[in-house]
Amino acid sequence: MRLTLRCRVTLSFGFGLLVVTSVLALATWNLASGYMLRQREASATRQAEVNVRLVEKSLSSPGLDELLTGLTTGPDSSILVLSPDGLVTAGRKVEPSQLPAELVERPPGQARITVGGLPVIAVTRPVAGNAVYVELFPLQQLDRTFGFLSAVLIAGTISSALLGAALGSWASKRALKPLAELSSAAGRIAGGDLRARLPDQDDPDLAALAAKFNSTAQALEQRALRDARFASDVSHELRSPLTTMVNAGAVLRRRREHLPGTAGTALELLTSEVDRFARMVVDLLEISRLDQTDDYEPDELDLSALVRHVVATRWRAVPVSALPVRVQGDRRRLDRVLANLMENAERHAGGAIFVAVRQDGTTARVEVEDDGPGVPEALREQIFERFARGRPGSRGDDTGSGLGLALVREHVHRHRGRVWVEDRFPRGARFVVELPAITKS
Amino acid sequence: MCVGVLLVEDDERIRQALSLALSDEDFTVDEAGSGEEALRRLETESFDVVLVDLTLPGMDGLEVVRTLRARGDLPIIVVTARTDARDVIAGLEAGADDYVTKPLMASVLAARIRALLRRRGPGREAVRIGDLEIRPHEGLVHRAGERVHLTRTEFRLLLELAGAGGRIVTREQLLQKVWGYDYFGDTRLLDVHIRRLRRKIEANPDDPALVLTVRGTGYRIRS
């Protein structure tokens, strides 16, 4: 799996800062600890040399014990004087065997060793020929300082790595923000909102991209509008001749009995196609109007009353089960949705047999059921397309405009709802419209 | 009874076809090719209803409607080629009683005309609402003793509301009873007429006290 760009930038910032601060911390550690140790050793040596001179003077006097006790600097420091006569010690108890033999046998010398679990600096000096003076200076204090120093350095390194990661995350987010905007705008355009645009960019690197994107979107919108306007203009221009044709057709149809045989059949063909043509033009105009203008007039209304009303006007025999559901909607469009579904059922399935309106939580549901042949799985999306002749075999006697269900879908989408068709048991189809319901809080 | 229709339309073929088809529906149709001609004829002749195409050469259809409305309450139906809300509302605001869009069918038009000319219900008692007095059989409305001029459609709208005695009358009921609509509930037709009615009978049309809106359902009169 490949990490996202943001993730990678975050990681590399964090890692980079970790490396830099570790190097710095290590160097600091080495320099500081070395320097402090040398200081300590130098002071221990100076101290030991001063002490040696004092010891030399009273080496054979009986007060050596007392002198040594006075010279020790604390409970953890020790002084040993090894002479052929014996061993005199003071301070913390240390056996000569605990000390490295080389150090004791060949004074002067000094070393950092651990005696009895304590880190010390041992300094040896020859005293009066054949005696050896050994002083052990404890390093606990220094060790505690070192511990504190290393803790500070480690904490600093870790927090700077975290800071680096945070910085990387923030920087990449900032740098990628225009990209996120671009992606969201492109998504909106893909989803059909051709008015999506990018905001103006100050950065010259991004301004060109944004300008290019916006001009492309603008051209796309213009073009879609032009197409819609063309369809609208065409159907608009067709309205006048159609008015003449439809009415002349009505006059002729009334006189059908005066035209027997072939002429009568031709007349019927002609008038029924003119009527269908008129329906098509009206639907085409409506759908192209949807494409280019928006005269959506929402109003709070009771969907069940609207459905009952539409069904009662032309399909009085169809049973309706409708519970009151309030929705935000455009009456004319919702009327159209239901009428088109009813007409669709009439045209393809011998008419609707049941209409239901109910509320499912936050959605209002309208169902139109028929017991016709149903809609095959493969065509269930397609029948909502413009001019898609859904059901096989129905083409010949189809009298619809080919836009009825497309209009249903457009209107339902405008209401932020969905429409689909499903199987009905035991046979037939069920068209379902779902709209957001108004829920009283 | 024969209904006299004046058809104002500049397209001669539409005029002819509509005349023929409306004659089949038992109307007597007279034709006028322009707004000027229509206004001239209406000065001397009398018609029961006028059909006006909104896109006329010369004098604009809207102007014709406005002039006719200023003259009296002759029923007017406008014919529009566009279904844009703007055109329809402009036509209704100018004073039209109803509208149809092309391609219009004579049978639909005939139903509209009949609904428009339908006789008022048999003699109802005079109704008083606040300072408003409605006398149904005389077709008169007085506000604080002064006569208010309502068109036939406005009067019937008021009568339907008053007849319900304060109960809610739904939009569908109003559209059906006043205009004979039973399909494609049209918000604009009713909204514009309610607005016109309020302008004439309300003291403050922006804050109606007589014709009240019941949101999402319809209207009711203050009882």
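The rules behind the values
Residues numbered from 1 in each chain as written. Chains lettered and ligands numbered in written order. Predicted model: local features only at pLDDT ≥ 70, side-chain atom pairs only at ≥ 80, totals over all residues. Helix = DSSP H or I, 4+ residues; strand = E, 2+ residues; numbered from the N terminus. Buried ≥ 20, exposed ≤ 12 C-beta atoms within 10 Å, placed from the backbone. Contact = placed C-beta atoms within 7 Å. Axes fitted to C-alpha atoms, helices over the stretch in contact; angles between N-to-C directions. Parallel < 35°, antiparallel > 145°, perpendicular 65-115°, else oblique. Pairing = 2+ DSSP bridges. Nonpolar A, V, L, I, M, F, W, Y, C, P; charged D, E, K, R; others polar. Core = buried A, V, L, I, M, F, W, Y, C linked by C-beta atoms within 7 Å. Expected span 1.5 Å × (residues − 1).

A.B. asks: Honestly, the overall build of chain B in this entry has me stumped. Any pointers?
C.D. replies: Tallying secondary structure elements over chain B gives 8 helices and 12 strands in all. Counting the 223 residues in chain B, one finds 40% classified as buried. The long-range share in chain B, meaning contacts at least 24 apart out of those at least 6 apart in sequence, stands at 56%.

A.B. asks: Any chance you could explain the packing of helix H4 (residues 140–190) of chain A against helix H5 (residues 204–254) of chain A here in plain terms?
C.D. replies: Two quantities define a packed helix pair, namely the angle between the helix axes and the distance between the axes. Residue and element names in this part refer to chain A. Where H4 meets H5, the axes come as close as 12 Å, and the angle between the chain directions of the two elements is 5°. When the axis of H4 is compared with that of H5, the two are roughly parallel. On H5, the residues touching Pro178, Leu182, Ala185 and Ile189 of H4 are Leu206, Phe213, Ala217 and Leu220.

A.B. asks: For this particular structure, what's the right way to read the pairing of strand S10 (residues 363–370) of chain A?
C.D. replies: Residues and elements named next belong to chain A. As paired strands, strand S9 (residues 352–360) and S10 are joined by 8 bridges and run antiparallel to one another. Along S10, the bridge assignment pairs phenylalanine 354 with glutamate 369. With antiparallel pairing between neighbouring strands as the criterion, S9 and S10 make up a hairpin whose turn holds 2 residues, including glycine 361 at a positive phi of roughly 65°. Pairing of S10 with strand S12 (residues 429–436) involves 7 bridges; the strand directions are antiparallel. What sits directly across from alanine 364, in S12, is leucine 435.

A.B. asks: Could you clarify how one ought to interpret the packing of helix H3 (residues 61–71) of chain B against helix H4 (residues 85–94) of chain B in this entry?
C.D. replies: All names here are of chain B. Contact geometry of H3 with H4 gives a least axis separation of 8 Å together with a crossing angle of 20°. Between H3 and H4, the crossing angle belongs to the class labelled roughly parallel. Each of Leu62, Val65, Arg66 and Arg69 in H3 lies in contact with H4, whose residues at this interface are Ala90, Gly91 and Ala94. Residues that form the contact of H3 with H4 fall into these classes: 4 nonpolar, 1 polar and 2 charged.

A.B. asks: Explain the sheet that holds strand S4 (residues 118–127) of chain A to me, please; I cannot follow it from the model alone.
C.D. replies: Across a sheet, paired strands are connected by hydrogen bonds in the backbone, their directions being either parallel or antiparallel. Residues and elements named next belong to chain A. In space, the 5 strands of this open sheet follow the order S2-S1-S5-S4-S3, with antiparallel pairing throughout. Pairing within the sheet leaves two strands with one partner each, and these edge strands are strand S2 (86–91) and strand S3 (109–115). With direction set aside, neighbouring strand axes in the sheet form an average angle of 20°. In the sheet, strand S1 (residues 78–83) pairs with strand S5 (residues 131–138) via 5 bridges, with the strands oriented antiparallel. Within the sheet, the bridge partner assigned to valine 81 lies in S5 and is tyrosine 133. Against the sheet, helix H1 (residues 5–57) contacts S1, S3, S4 and S5, and its axis sits at roughly 40° relative to S4. Sheet strands in contact with helix H2 (residues 64–71) are S1 and S2, and its direction is about 35° off that of S2.

A.B. asks: I tried to follow the sheet that holds strand S3 (residues 49–53) of chain B on my own but got confused; where do I start?
C.D. replies: All names here are of chain B. With parallel pairing, the 5 strands of this open sheet are ordered in space as S2-S1-S3-S4-S5. The open sheet is flanked by strand S2 (27–32) and strand S5 (98–101), the only strands paired with a single partner. On average, each strand axis in the sheet is inclined to that of its neighbour by 20°, with strand direction left out of account. The pairing of strand S4 (residues 76–80) with S5 spans 4 bridges and is parallel.

A.B. asks: What is the right way to read the environment of aspartate 371 of chain A from this model?
C.D. replies: Residue and element names in this part refer to chain A. Along the chain, the position of aspartate 371 falls in the loop between S10 and helix H9 (404–414). A count of 17 C-beta atoms within 10 Å places aspartate 371 in the partly exposed class. With 56 residues separating them in the primary sequence, aspartate 371 and arginine 427 have C-alpha atoms 5.5 Å apart. If we skip the residues at most four places from it in the chain, aspartate 371 touches Ala349, Ile353, Arg427 and Gly428.

A.B. asks: How should I be thinking about unusual backbone geometry in this particular structure?
C.D. replies: Across the chain, the bulk of peptide bonds are trans and the bulk of non-glycine residues have phi less than zero. The linkage connecting phenylalanine 425 of chain A with the following residue, proline 426 of chain A, adopts the cis geometry, with an omega of 0°. For proline 426 of chain A, the location among the structural elements is in the loop between strand S11 (418–423) and S12. Backbone geometry at aspartate 26 of chain B places phi at a positive 70°, although glycine is not the residue there. As for its placement among the helices and strands, aspartate 26 of chain B is situated in the loop between helix H1 (12–24) and S2. Phi is positive for alanine 144 of chain B, close to 50°, though the residue is something other than glycine. Within the secondary structure, alanine 144 of chain B sits in the loop between strand S8 (140–143) and strand S9 (146–148).

A.B. asks: Help me understand the interface of chain A and chain B, please; the structure alone is not making it clear to me.
C.D. replies: Interface size, as often reported, equals the accessible area lost upon joining of the parts. Contacts between the two partners involve 28 residues from chain A, matched on the other side by 26 residues from chain B. Elements supplying a minimum of two residues to the side of chain A that touches chain B: H5, helix H6 (261–292), strand S6 (299–302), helix H7 (303–314) and helix H8 (331–349) of chain A. It is H5 of chain A that contributes the most residues to the side of chain A that touches chain B, 12 residues altogether. Across the side of chain A that touches chain B, the residue classes break down as 9 nonpolar, 7 polar and 12 charged.

A.B. asks: Can you walk me through the environment of alanine 406 of chain A in this structure?
C.D. replies: By the secondary structure assignment, alanine 406 of chain A is in helix H9. What alanine 406 of chain A contacts, discounting residues up to four positions off in sequence, is Ile287, Phe384, Glu385 and Arg386 of chain A.

A.B. asks: Hey, could you run me through the pairing of strand S7 (residues 132–135) of chain B in this one?
C.D. replies: Every regular strand shows the same layout, with side chains that alternate between the two sheet faces. Residue and element names in this part refer to chain B. In terms of strand pairing, strand S6 (residues 127–129) meets S7 through 3 bridges, oriented antiparallel. Pairing of isoleucine 129 across the sheet is with leucine 132, part of S7. The antiparallel pairing of S6 with S7 creates a hairpin that spans 2 residues between the two strands, and glycine 130 there sits at a positive phi of about 60°. Here S7 pairs with S8 via 4 bridges, running antiparallel. Residue pairing across strands places glutamate 133 opposite histidine 142, the latter belonging to S8. Counted between consecutive antiparallel strands, the loop separating S7 from S8 contains 4 residues, among which glycine 139 sits at a positive phi close to 70°.

A.B. asks: What's the story with the nonpolar core in this structure? I'm lost.
C.D. replies: As a rule of thumb, soluble globular proteins bury nonpolar side chains together. Residues Val8, Val52 and Leu158 of chain B are the most contacted members of the largest nonpolar core, which totals 113 residues. Dropping the residues within four chain positions of it, leucine 158 of chain B is found in contact with Ile134, Val141, Leu150 and Leu197 of chain B. Of all hydrophobic cores here, the second largest spans 23 residues; its members include Ala44, Leu99, Val132 and Tyr133 of chain A.

A.B. asks: Looking at this model, I keep getting lost on helix H6 (residues 152–163) of chain B. Mind explaining?
C.D. replies: Residues and elements named next belong to chain B. Here H6 spans 16 Å end to end across 12 residues, near enough to the 16 Å set by a 1.5 Å rise per residue. In terms of burial, H6 is a largely internal element, 9 of the 12 residues being buried. If you check which residues of H6 are buried, you get Thr153, Glu154, Phe155, Arg156, Leu157, Leu158, Leu159, Leu161 and Ala162. Just beyond H6, the residue with positive phi is glycine 165, at close to 55°.

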